[in-house]
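# Structural overview
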Amino acid sequence: MKSLGTPIALSGRMTAHHFTVDLEEYFQVSALESCVARSTWDSYTPRLLQQMKPLLEMLARHGAKATFFVLGWVAERQRELIRTIAAAGHEIASHGWDHVRVTHQTPAQFRDSIRRTKNLLEAITGQPVLGFRAPSFSIVAGREWALDLLIEEGYRYDSSLFPVRRPGGGYGYPNGSSDPHWLERPAGRLAEIPPTTLRWCGVRLPAAGGAYFRLLPYNLVRAAFRQCERRGVRGTFYIHPWELDAAQPRLNVSWVTRVRHYGGLRRTAPRLQRLLADFRFTAIRDTVDRFDATVAAQPV
Ligand SMILES: [Zn+2]
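Residues numbered from 1 in each chain as written. Predicted model: local features only at pLDDT ≥ 70, side-chain atom pairs only at ≥ 80, totals over all residues. Heavy atoms only, no water.

### Details of the pairing of strand β8 (residues 188-192)
Selection rule: For two strands to count as paired, DSSP must find a minimum of two bridges between them. Helix and strand assignments follow DSSP, with helices taken as H or I runs no shorter than four residues and strands as E runs no shorter than two, numbered in order from the N terminus.
Taken together, the two bridges between strand β6 (residues 157-158) and β8 define a ladder with parallel strand orientation. Residue D158 lies in a different strand from β8, and its bridge partner there is E192. Sheet topology note: the strand β7 (residues 181-185)/β8 ladder contains five bridges and is antiparallel. Residue pairing in the sheet places E184 in a bridge with R189 of β8. The hairpin turn running from β7 into β8, its antiparallel successor, is two residues long.

### Overview of the pattern of salt bridges
To be explicit about the condition: Salt bridge, as used here, is a side-chain nitrogen of Lys or Arg placed within 4 Å of a carboxyl oxygen of Asp or Glu. Only protein chains enter the calculation, and the probe is 1.4 Å; a residue is then buried if its accessible area is under 20% of its type maximum, exposed if over 50%, and partly exposed in between.
Scanning all chains against the criterion turns up 21 salt bridges. Across the pair E153 and R115 runs a salt bridge whose closest N-O atoms are separated by 2.9 Å. Taken together, the residues E153 in the loop between α5 (145-152) and β6 and R115 in helix α4 (residues 107-125) connect sequence positions 38 residues apart. Judged by its relative accessible area of 14%, E153 is buried. A salt bridge links D179 to R199, with the shortest nitrogen-to-oxygen separation between them at 3.9 Å.

### Here's the deal with the pairing of strand β2 (residues 17-23)
To keep things clear, this is the line we draw: A clockwise course of the path from the first strand over the helix to the second, judged with the strands pointing away from the viewer, identifies a crossover as right-handed.
A large share of β2 lies buried, amounting to seven of its seven residues. Alternating residues of β2 divide into H17, F19, V21 and L23 and H18, T20 and D22, and every residue in both groups is buried. When β2 meets strand β3 (residues 66-70), the two strands line up parallel, connected through five bridges. Each residue of the ladder has a partner; that of T20, found in β3, is T67. For the crossover that starts at β2, traverses helix α1 (residues 48-61) and ends in the parallel β3, the hand is right-handed.

### Regarding the nonpolar core
So the rule is basically this: Here, nonpolar core refers to any group of buried Ala, Val, Leu, Ile, Met, Phe, Trp, Tyr and Cys residues whose side-chain atoms link them within 4.5 Å. Contacts between residues were defined by any pair of non-hydrogen atoms, one from each residue, lying within 4.5 Å.
Within the largest apolar cluster, 67 residues are counted, with the highest numbers of intra-cluster contacts made by F19, L23, F68 and L275. It is α1 that provides the largest number of residues to this core, a total of six residues. With near-sequence residues (within four places) excluded, F68 lies in contact with V21, L23, M52, L55, L56, L59, I85, H90, E91, I92 and A93. Formed by 10 residues, the second largest nonpolar core is a distinct cluster that contains A93, Y157, I193 and F291.

### Overview of the packing of α1 against helix α9 (residues 265-278)
Quick note on the threshold: Helix axes use the C-alpha atoms of the stretch in contact, all axes being lines fitted to C-alpha atoms, and the angles between their N-to-C directions lie in the range 0 to 180 degrees. Angular relationships are summarised with four words: roughly parallel below 35 degrees, roughly antiparallel beyond 145, roughly perpendicular across 65 to 115, and oblique for the angles in between. By the definition used in this description, the sense in which the near helix is turned from the far one sets the handedness, with an anticlockwise turn below a right angle giving left-handed and a clockwise turn giving right-handed. The nonpolar class holds Ala, Val, Leu, Ile, Met, Phe, Trp, Tyr, Cys and Pro. Asp, Glu, Lys and Arg form the charged class, and all remaining residues, Gly among them, are polar.
Axis separation between α1 and α9 bottoms out at 10 Å; the angle between their running directions is 20°. Taken together, α1 and α9 sit at an angle that is classed as roughly parallel. For the pair α1 and α9, the sense of crossing is right-handed. Contacts between α1 and α9 involve L55, M58, L59 and R61 from the first element and A269, L272, Q273 and L276 from the second. Grouping the constituent residues of the contact of α1 with α9 by class yields six nonpolar, one polar and one charged.

Given below as structure tokens:
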């Protein structure tokens, strides 16, 4: 790879961060796949509609725009929900078809998943799909071919390279840059928008989303975004609708997964209110549109 970290310089002051949502049902999470077979997904009662209502209201109340990485499987069954989200001014992007991690796919399977999902989402909303986030951030070292396939299939940015070292965790791209940057690939150029990490004592810690957002002190999350502002870059927050649903049915999983998955669910809504009050948020699309204006000024 020619460059793993050409920073994307944007003109003007960074006054907003990225708010992102991985749009999937509570039973489709990778951590639960040992007890929920894909073939049984249709037998579960969907809860996304009821989970999305408070989230969309909260975003609207704070004037925040978000990027929703949507599973093709969900879009096929909840077309109206996808149209509602897009009509509220949010960005619809791709989370692949059925939440198979890239580490479990062949290149041909990956291409089929990202093509099928993009086509469906564009047919539903009438708007181009620019971005992709791999299930469980599963583009890891050795799977960079996925980035080339994204470029070939017309995607303009990726948000899957989690710049942390997480041995055995199934994700993590420790050599990746922590801020938005350009990836120069054999297939072309792709913008990379990594989830935000907190720099602390020389290491990078995940702090800006998911279980980390629910289980760590809020001050660490806030510090991560403040650090982004000091560097003059936009941070990227991520959350799942099921994290706002303390009443979701509990599945029979190991105690470690129980803590990570079900811990702090009641904390999510009040913390989100606080986060949305502390910072301004926008969709990644807004940043990518600005990239185009700065491409000519970038070193190649
Ligand atoms: Zn996911």
